[in-house]
Structures are given as C-alpha cells and as structure tokens.
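# Close look at the chain arrangement
Below, each chain spelled out in residue letters.
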Amino acid sequence: MLSSALCSRVLARALRGGGTFAEIFYEDTRAFGMTLRSGKIENAAVSRPRGAGIRIYDGLRSIYVYTCDVTQQGLLRAADRAAAAVTDTKGTGRDVILHEKTFENIHPVKTPVLSVDAQRRADVLRAADGAARTVSPRITQVTCGLLAREQHVLIANSEGLYTGDTRTYTRLTCSAIASDGAENQTGTDSPGALMGFELFESRIDPEKSGRKAAKTAVTMLDAPYVQAGEMPVVIAGGFGGVIFHEACGHSLEATSVEPGMSEFAGKLGKQIAAPCVTAIDDGTMPGEWGSENIDDEGTPTTRLVLIENGVLKNYMIDRLNGLKMGMAPTGSGRRESYAYAPTSRMRNTFIAAGQDDEDEMIRTMGDGLYAAQMGGGSVNPATGEFNFAVQEGYLVRDGRITTPVRGASLIGRGSEILMRIDRVGKEMTMGQGMCGSLSGSVPTNVGQPTIRVSRLTVGGK
Amino acid sequence: MEKSFDLQMNEFAAKALDAAQAAGISPAEATVALSESFSVRVRAQKLEDYKVSDRIQLTLRGRWQGRIGTASTQAMDEESLALLIQGVKESAELIENDEQDDILPPDAQYGAVCNYSDVIDTISAEDKIALAMCIDERLCAADARISPDATVVSTASEVFSIKNTLGLDLSHSSNLIYAYASCLAREGEAAATGFKLLWGYALEDVSPFDVADGCVKDAVEKLGAGRLQSGARCVVIRSNAMADLLSTFSGVFSADNAQKGLSLLAGKEGTAIASPAVTLTDDPLMPWGMGSCPFDREGAATMTKNVIDGGVLHTLLHNRRTAAKAGVATTGNAAGAGRVAPSNLYIQPGQATLQDLLAHMGDGLLLTEVSGLHAGANPISGDFSLLARGFEVVDGEIQRAVEQFTVAGNFFALLQDIEAVGSDLLFEGSPIGSPSVAVKKLNIAGE
C-alpha cells in the first residue's frame, strides 16, 4: 500500500498547476480463476493486477491518468502527465494534508479463497459438475468455474481523505449443454457473494447450482419456439430483476441523467412507475455481491430508495456528476479497476416486496408468458429501449402454466414497462451479474419478487 | 536517463524465466503485453474527459511435473516473482487435462505485416482535442433536433512480446487512432440516438466531417420510426449489423470449442455449411488490419486462410493443441489461455451495392442495428432473438424507419440462407467485418 506521505506528495504534485480536486485510487489485487470442463480441471491461474489512477477535476472536467508503475517515480510521472492537461490555473501549489479514515467492515470475510487448499477449491467444481451430469444423459457438456478476487484498494484525495478497504469476491459459474445430436440448448447458474470460501458452507450449494443449470438446458431442449407477439408476462424473482436493472436502473444513473441522456431526467418527484412499484439500490446488504463498505471514491455506501410507490425519489450519483448536478453523491461511484475513472453505478438493485399473491397473478393473466429464468439484457438509456433474453420460459394458457418455450426475448421502453407492472409478489430474491458501463464491469445484484407486466412485446419465431 | 517502464518489465520477464528454470520449471515462457492509450471526450464544445494510460502485464507459463501452469502479474517486485513461481506450480498441479498448450521452439519462418504507424506518435494532444472539438462543433451546428452526446478521439498502441527458454523471441507493435460521436435527435415525442465511428492510422482516416455527418444522419433517419407487423420477412442485413452477428458467433469456428462440444460445426469440415455465396476469410497478415500479427499467442506463424470457401467449411481455427488432436497443422489462431480466436475475420465482398441488394429483395426489411447480443444470441445453439431497428423496404426503396421489433433466427440457418453478398465490406472499429448480405427470411416480432 502507498504511504500517506507519498500520497500527499503525489496529490500536491497533481495540483501544482491548478485544478480543484485530485484523487489517487491504488489497487493491489489477487485474483484466482479455475475452470473445469469435460470433467477435468482445464485451467487454473492466479494473477496480480496492480496499478494506480490519478484523477484531477479541472473545473468540471475529469482528467484521468493510470499506470502500472506505482513506484514514487512512476506516480509522480503520472501526476505530471495529469497536471499537464489542467487549464484552470487557479489555486496552484496547494499542500495536501491527509487524515486516515477507517470504516466499520460490514462484510467480514472468514476464509479468503486463496488460503484454502487448492484441491478443496477444485472439489467445489467437481461437486457442481457431478450433480449437473446426473440430471440427464442428454447433458453433453458441463463447464464450471470458480472466480475469486481479493481487491485491496487505497483512496486518497486532496480534501484530506486517506482510506482503504479489501473487497473479497467469490463466484461459482455453472453452464450445462443438453444436446439431442442436432440441436444444443444451454442452462446456466452463477451465484456469487462478497464473501470468502465460507460462501460454500453458508449460502451456496454447488450441487444445487449444477442441477439448476442442467435442468434448464434439458427443459429447453424439448421446448418449441415461442410464438411472438404482445402479451402479459409474469417474471419470476431472482435474476428476473434484470428487467428493472435494464429498463430503469441504468436510466437513473447520473451518467445518463446529468447530460440529459435519460428518459427519467428531470422527473424527480414524478410518478414514473405503477403505484405498486418501490425500488431500492442498496450497497449495505451484508455479504451481497453488489455490496461495499465504501465506494471507489471513498464515500461510504448507502441504501437508496430510487422509486417509492411509483414516485421517483433519487438518482444514483457519483462525486463529479454530483458537482455538475448540484446534488450530493450517494456512494455510487464505482469502477472495475484502477484502469477506469469512477462513475455512478448500481449496487444491489431490486424491486421491493409487495402485496400480491403469485398464484393469483398467473391464474388471472389469461394467455401469456411465464419467464421462470431470465438471461441478460441491455438498454439505450437515452430512449429507454431495452431488450433481454428469457433463458427458461413457459407458455401460459388460460391462467395455467403449460409447456416450456425457447427463444423468447422481451423488448420495450423503460417508462412504459414500469407503468404496466400490475402485480408485485411478496418475496424478494436476488441474482448476481456483472454490469458493464463507462467505468467497466462491476459486480451487481439484481432482484425482485415475482411480478406481472400487463403487456410486453415478446420476440421469438 | 531513467529506464523506460517496458524495458524494466522485459528485464523482469527475463528474471522470471531464470527463476522458473532455477525452480525446476522447464521449459518456461514469458509474454509481456504493454498497452498505452490517450483519449479525450468532448460535449457541447467542452472538454469533459482527458485520459492517459499505460498498462503492462507479464504472464509466465511453464512445465512442472508434466503439466503446464500459468500465472500473471502487473507488479514487478520480489513478491510477484514468488507469486509467479508458486502460481505456475500450483496451477500445473491442479490441472487434470492431458491436452495442453505446449511450449515450443520458434517456427522456421514468419510472415511480415505492418499495422503500426509512426505518424500516430506525432499527433499531439492538442491536435486530438482540436479534432474532437471540430466534430462536436459540426454536431452542434447540424440541426436543431440534434443534441451532441459525446465525441471521443483516442489513440492506442500495444507491444506484445513472447520469449521462451527454447529460443523463441518475438515482438510485434501495433497502434491506431479512432474517433466516434454519438448524439440524440428529438422531434416531438420521438427520440433516437446516432453513432458513427471511424478509425485508421493517420488523422486523414478520421475525417471530422464524416464522423459528425454520419452520426447526425444515423440519428435523424431513425426519427419517427414506426412498428412492424409480426411475421417472416425477406431481410437485407446491413454490413455493421452482419459484422455484429458474425462477431457474436465467431466462436463457432473455434476448433477448441468444437472439440469440447461447444460448437455445432464439429466434424463438418468439407461439408456445405453456408450458401455458395459465402466465403469467410481469416487474414492475420492483412496490411493495416486491426487484428494483424505475424505470430499467434503461442508463437506459431500465422497465415491467411478461408474458413468457409464457397459455402463449404474448409477449416476450423486451430492452435497447436487442437490441430494435433485433429491431425492437422495449426492455423496460427492461438489466443492465449488455451483459447482459439480469429484475427481479421470477414466475409469476402461480392459485386452488388447495398442499393442493388434492396432492389433484388423488392419488399422486405433493411436491418441496420441489432442489440443485446451478449444476452439474446446463443453461440452454442446458434439461436438469436434480438431487439432490432431498420427500414421497411417496398419495391427496392426505403419506405420508413421501423423500431421496437425483434428479429429471430439461427446463425447456422442464416449462413445457409444468404442469397447475395454486397460489395460494402466494413470493419467498424473491430477486426471482424462484413459486407451487407441479403437473406431469405427472418422472423420478426413487432405489433
């Protein structure tokens, strides 16, 4: 880690030609990845990403320089390269005095993955693989992965902040292929948490994960293509929350709100969703995949109500966009690594539990689609156009779930779908994903109870 | 003068190779990737973002107890040296697979290809900012309906070196400049985004007028888009959208995927898998190609080949391991970490202009954009169901913009259904490119 004395020297150097704010983000990470395929451990490798990013605010402009050379000489050189781009020369030659700040660790880790015997790590994958293969003889391939990352970060800025944290991520990925010789179908399950290896004792059963992936693949192999059209859709909880993430979450990030490139810009206090919708973005949930103690700007993480009974309450705001918008940052400044300047990002984002009965939603929907498991999706925040894939879907006929169907995708506009949610179930569950945006790929949870959308365009054959 | 960072890393790599040998890891191989970039982003005549970077990574591979282990680092210190040696051993001990990428002496001969321009090194930061400002200014002045979103100008360079204890010692440098703009067009309730990217090896390759005008045109022509009725339609897939599809499904041409049951093209060599109009070429020796390099990630010489030749699958893409298993020679497509990947991969252009393709189609759809490829397209089954945009075509003429529909099909069926290939081959900021293609039918879900 970098000493406080070195950080203040580098920050002062960055501001020597002007600029209103300077920050160092230093990271020294240990990552481990292992893959099992065709029943054998195929890859296993440890890596050590390390580097630092120096950011200066030149008025409302962001200057960002990053390097792997974190020697004193390398950091001063990076500070010089950043300082050379500063145009606002007011307040030159400031001293930077740093005060160490500590935070309560609300996500304690018991057993870092790299401290666990290598064969025990491999056993997790063997368990998932074995369980997946017992589901059906038509399972022709299983790929399981273990990903572990221990990210040590240090954040210091010209306002005197000097702080750090260690984030420990552990994730299992299972992917199964079912084949009848001519056609292949896949199923996946990829649970993870901000925890160490104890994850596999307390939260995740690798066998269950493997079985779930295999069952989806086999189910889809027998499924006919969905008939395309507009229809009511019931979306199950867990990873189903990706619908809110794409259809609305990205459009509530300051990254798209501040420049007016969001369909929800200027809508604070307005009804943007049906009254049954309350949505939260929460970084404080212990051990959850999208949780943190502090964000990547050193701001303590928060629990943020985005939408309350359909009314827009908050945006997710990072420091720089906060300055531009005249609003306080919400602990939402995140980045994949030192190679990215931070910006506003989601954490654990979900539609809160509601009042509705899940059986009733299906019983009263007539003909439509039940999306038991969602795949990923994407959105254009400026227009709100979203799309996502249904990994495991079922036809609903006359209020009853009937046959599985494949190839379904859901499309629409965020503002429309939010207003068309007409049922919200009682139990909220979450799923894990990697979310990509301007500041790279960050771990996020999506979540919701089972919900119903009165009308959606379902794409298929 | 201080030692440059890459020089320090190369010395560290040599040290790591020595340490590996001393620890009984033999043979051993070190690859060093150094990348540098500069990027500015402008909006409404304000410079909003200025970014400079250098990044370096050392990966050590070596044989230990019969298997080959891997570890990598971005830090050059004693701790990293220990992590590399320990990491390679642990990795080798964990791996159960008998078929591994070997470490081998150099090939007898390597092709020559250039995709490094000295000119790019001479473009100053001020010139790049001025270019971004110029694009943005033209966007601002374009049309009252247009708000500029972002204009980005960037240069990037990479040096990739690979060295092993069996005499292999190779290095390749590449660089490029790119500029892109995105904007939002609004008219009444209608909104649409526009995008245009150009890239190349000199300022002349990224004409500010072409970027700005292309971006505005892209947004404006989508305004007032209507919906489409659901049903099957004849489709012309525009070059950029076809390249996106090809890129998403490029993994099906990997012999590694085929041998692991992850590609439906396994064992299909010599059979017709596409329409006779389709010739698919992988050309790592393409002059000024974004993905050009005379050697692959395991140091094997690369070569130009047709993957599909007149509709017939000629070869899958191999590294040495997959080639040995299949009893053929490597195609020089090792991509590191055991993977196989294309270099510059593209469908060979035909004679017809886009207008000719539309005229030939008569009534149907010009598909210009597909989104959500990471979720709505499955390379293992070949199925796709994607949010799309385009234009309704009547009697060979563009009639109106259409949006909010999905296009669904199967990539393998699509290859068979290609009726004609256009002349407008495009690499839009990617080493995977395509001309526009006319296809028989795709399923549309709209209203």
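If you're wondering where the values come from, they're calculated on a predicted model, not measured in any experiment. (Residues numbered from 1 in each chain as written. Chains lettered and ligands numbered in written order. Predicted model: local features only at pLDDT ≥ 70, side-chain atom pairs only at ≥ 80, totals over all residues.)

### Some thoughts on the overall build of chain A
- In terms of helices and strands, chain A carries 10 helices and 24 strands.
- Here the C-alpha radius of gyration of chain A, 24 Å, is about what a compact globule of 461 residues would show, namely 23 Å.
- Among the 461 residues that make up chain A, the fraction classed as buried is 63%.
- A separation of at least 24 residues holds for 75% of the contacts in chain A among residues at least 6 apart in sequence. (Helix = DSSP H or I, 4+ residues; strand = E, 2+ residues; numbered from the N terminus. Rg over C-alpha atoms; globule rule 2.2 N^0.38 Å. Buried ≥ 20, exposed ≤ 12 C-beta atoms within 10 Å, placed from the backbone. Contact = placed C-beta atoms within 7 Å.)

### Remarks on the nonpolar core
- In this structure, Val233, Leu369 and Val458 of chain A are the most contacted members of the largest nonpolar core, which totals 131 residues.
- Sort the elements by how many residues they give to this core and strand 18 (residues 385-397) of chain A lands first, with 7 residues.
- With residues near it in sequence (within four places) discarded, Leu369 of chain A still touches Val226, Met231, Val233, Gly393, Leu395, Val396, Ala408 and Val458 of chain A.
- Residues Val142 and Met195 of chain A together with Leu60 and Leu83 of chain B belong to the second largest nonpolar core, which totals 70 residues. (Core = buried A, V, L, I, M, F, W, Y, C linked by C-beta atoms within 7 Å.)

### Observations regarding the sheet that holds strand 16 (residues 348-351) of chain A
- The sheet built from 6 strands is open, its strands ordered 13-12-11-16-23-22 (chain A) with mixed pairing. The outermost strands of the open sheet, each flanked by one partner alone, are strand 13 (311-312) and strand 22 (429-437) of chain A. (Pairing = 2+ DSSP bridges.)

### So, the packing of helix 1 (residues 5-22) of chain B against helix 2 (residues 78-94) of chain B
Residues and elements named next belong to chain B.
- Packing of helix 1 against helix 2 leaves a shortest axis separation of 10 Å and a crossing angle of 45 degrees. Comparing the axis directions of helix 1 and helix 2 gives the class oblique. The handedness of the crossing between helix 1 and helix 2 is right-handed. Touching Lys15, Ala16, Ala19 and Ala20 of helix 1 are Leu81, Leu84, Ile85 and Val88, all from helix 2.
- Its residues assigned to classes, the contact of helix 1 with helix 2 shows 7 nonpolar, no polar and 1 charged. (Axes fitted to C-alpha atoms, helices over the stretch in contact; angles between N-to-C directions. Parallel < 35°, antiparallel > 145°, perpendicular 65-115°, else oblique. Left-handed = near helix turned anticlockwise from the far one by under 90°. Nonpolar A, V, L, I, M, F, W, Y, C, P; charged D, E, K, R; others polar.)

### Description of the domain arrangement of chain B
Residue and element names in this part refer to chain B.
- Split by domain assignment, chain B resolves into domain 1 (118-155 + 175-220) and domain 2 (225-447).
- Taking only C-alpha atoms into account, the centre of domain 1 sits 27 Å from that of domain 2.
- Contacts between the two partners involve 6 residues from domain 1 and, on the opposite side, 5 residues from domain 2.
- Looking at the side of domain 1 that touches domain 2, the elements with two or more residues in it are strand 5 (169-187) and strand 6 (190-200).
- With 3 residues, the single largest contributor to the side of domain 1 that touches domain 2 is strand 6. (Domains from an automatic or database assignment.)

### Examining the pairing of strand 17 (residues 368-380) of chain A
All names here are of chain A.
- Within strand 17, 12 of the 13 residues are buried, which leaves it mostly tucked inside the rest of the structure.
- Across 10 bridges, strand 17 lies against strand 18 in antiparallel orientation. The partner of Gln373 across the bridge, within strand 18, is Glu392.
- Connecting strand 17 to the antiparallel partner strand 18 that follows it, the hairpin turn spans 4 residues, and Gly384 within it adopts a positive phi of roughly 80 degrees.

### Details of the interface of chain B and chain A
- Every contact between the two is made by 59 residues of chain B and, on the other side, 62 residues of chain A.
- Those elements giving two or more residues to the side of chain B that touches chain A turn out to be strand 2 (46-64), strand 3 (67-73), helix 2, strand 6, helix 10 (373-376), strand 15 (383-394), strand 16 (397-410) and strand 19 (437-445) of chain B.
- Partitioned by chemical class, the residues of the side of chain B that touches chain A number 22 nonpolar, 23 polar and 14 charged.
- Relative to strand 2 of chain B, strand 4 (residues 61-67) of chain A runs parallel, the two being bridged by 6 bridges. Note that in strand 2 of chain B the partner of Ser62 of chain A across the bridge is Asp49 of chain B.

### Here's the deal with the pairing of strand 18 of chain A
Residues and elements named next belong to chain A.
- Buried residues dominate strand 18, accounting for 12 of its 13 residues.
- Pairing between strand 18 and strand 20 (residues 409-413): 5 bridges, direction antiparallel. Opposite Asn387, over in strand 20, you have Ile411 as the bridge partner.
- Pairing geometry for strand 18 and strand 19 (residues 400-405), over 4 bridges, is antiparallel. Within strand 19, the residue paired with Tyr394 across the bridge is Pro404.

### What to know about helix 3 (residues 118-134) of chain A
- Look at helix 3 of chain A: 25 Å from first C-alpha to last across 17 residues, which is about the 24 Å you get at 1.5 Å a residue.
- Those residues of helix 3 of chain A that are buried lie in contact with strand 1 (21-37), strand 6 (139-157), strand 7 (161-179), helix 4 (199-202) and helix 5 (206-221) of chain A. (Expected span 1.5 Å × (residues − 1).)

### Some details on the packing of helix 1 (residues 4-14) of chain A against helix 2 (residues 72-83) of chain A
Residues and elements named next belong to chain A.
- At a minimum axis separation of 8 Å, helix 1 and helix 2 run at an interaxial angle of 25 degrees. Comparing their axes, helix 2 and helix 1 come out roughly parallel. Relative to helix 2, the crossing made by helix 1 is right-handed. Where helix 1 approaches helix 2, its residues Leu6, Val10, Arg13 and Ala14 are matched on the opposing element by Gln72, Leu75, Leu76, Ala79, Asp80, Ala82 and Ala83.
- The class makeup of the residues in the contact of helix 1 with helix 2 is 8 nonpolar, 1 polar and 2 charged.

### Examining unusual backbone geometry
- Between Ser26 of chain B and the following residue, Pro27 of chain B, the backbone shows a cis peptide bond with an omega angle of -5 degrees.
- Tracing the chain through its elements places Pro27 of chain B in the loop between helix 1 and strand 1 (28-43).
- One non-glycine residue, Asn309 of chain A, lies in positive phi territory at about 45 degrees.
- Positionally, Asn309 of chain A belongs in the loop between strand 12 (303-308) and strand 13.
- Look at Asn309 of chain A and you get exposed, because 12 C-beta atoms sit within 10 Å.
- Even without being a glycine, Asp395 of chain B presents a positive backbone phi close to 55 degrees.
- Counting through the fold element by element, Asp395 of chain B comes out in the loop between strand 15 and strand 16.

### What about the sheet that holds strand 18 (residues 432-433) of chain B?
Residue and element names in this part refer to chain B.
- Ordered by their spatial adjacency, 5 strands build an open sheet running 10-9-8-13-18, and the pairing between neighbours is mixed. Since the sheet does not close on itself, it has two edges, and those belong to strand 10 (312-313) and strand 18, each with one partner.
- In this structure, strand 8 (residues 280-282) lies alongside strand 13 (residues 345-347), joined through 3 bridges in antiparallel fashion. Residue pairing for strand 13: Asp282 is matched across the bridge by Leu345.

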